[in-house]
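For reference, the chains in residue letters:
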Amino acid sequence: MKQNAEVQESRHDGLRWAVVVSLVVVAVVGNSYFADQALLYRVLGVVALCAGAAAVALTTTKGRNLLELARSARKEIQRVVWPTRQETIQTTAIVMVAVLVVGLMLWLIDTLLGWAMSGVIG
């Protein structure tokens, strides 16, 4: 029974995506058509049309799947054990020292190779 309901919903998804595309096209064409109007009005119109397109897109099967993914990600983020301030500072210091050491090594190698090549080329 659930599978039949999903098939029926997916039939209307094509129409919903057509509405989404048409709203975005109207926003783009309207923005260029009303180029002589104030920027604020054009921006508000584009934002309103894009918000409507997003609302329609979220009613599709893919849109509902995206919302479910966002809810799951939010729940997963709440389960994460975040590092303490001290751990963050220590890890940052270690990374900065490692970058400095590797940078100095690469500079030294580049300098030596440049010196050797200038000696060969002469």
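What comes next concerns the included structure.

Reading guide: rules and limits
Residues numbered from 1 in each chain as written. Predicted model: local features only at pLDDT ≥ 70, side-chain atom pairs only at ≥ 80, totals over all residues. Heavy atoms only, no water. Helix = DSSP H or I, 4+ residues; strand = E, 2+ residues; numbered from the N terminus. Rg over C-alpha atoms; globule rule 2.2 N^0.38 Å. Contact = heavy atoms within 4.5 Å. Areas by Shrake-Rupley, 256 points an atom, 1.4 Å probe, with all protein chains shown as cover. Lys, Arg positive; Asp, Glu negative; His and termini not counted. Charge placed at Lys NZ, Arg CZ, Asp CG, Glu CD. Polar contact = N/O pair within 3.5 Å; in protein donor to acceptor, adjacent residues only side chain to side chain. Buried < 20%, exposed > 50% of the residue type's maximum accessible area, 1.4 Å probe, protein only. Salt bridge = Lys/Arg side-chain N within 4 Å of Asp/Glu carboxyl O.

**A closer look at the overall build of the chain**
Each helix and strand in the chain was counted, giving 4 helices and 0 strands. The order of α-helices and β-strands along the chain, N terminus first, is α-α-α-α. Over its C-alpha atoms the chain spans a radius of gyration of 28 Å, topping by over 25% the 14 Å that the globule rule assigns to 122 residues. Taking the principal axes of the C-alpha coordinates as reference, the chain spans close to 75 × 50 × 30 Å. Here the contacts in the chain between residues at least 6 apart in sequence split such that 62% fall between residues at least 24 apart. Working note: accessible area of the chain is about 10,400 Å², and carbon and sulfur atoms make up 71% of it. For the chain, the distance from the average position of its 11 positive side-chain charges to the average position of its 8 negative side-chain charges is 8 Å.

**Some thoughts on the side chain of Thr60**
Tracing the sequence through the fold places Thr60 in the loop between helix H2 (39–57) and helix H3 (61–79). There is a polar contact of 2.6 Å between the side chain of Thr60 and the backbone oxygen of Ala57. Look past the residues within four positions of Thr60 in its chain and what remains in contact with it is Asp13, Arg16 and Trp17.

**Observations concerning the environment of Arg11**
Summarising the element assignment, Arg11 is placed in helix H1 (residues 2–33). For Arg11, a relative accessible area of 62% gives the class exposed. Remark: the alpha-carbon pair of Arg11 and Met117, spanning 106 residues in sequence, is separated by 69 Å.

**Examining the pattern of salt bridges**
Per the counting criterion, the structure on display carries 3 salt bridges. Arg71 serves as the salt-bridge partner of Glu68, at 3.9 Å between the closest nitrogen and oxygen. Of this pair, Glu68 and Arg71 both sit in helix H3, 3 residues apart, which is roughly one turn of that helix. Here Arg79 makes a salt bridge to Glu76, at a shortest N to O gap of 3.2 Å. One end of the pair, Arg79, and the other, Glu76, are both in helix H3, 3 residues apart, so they sit about a helical turn from each other.

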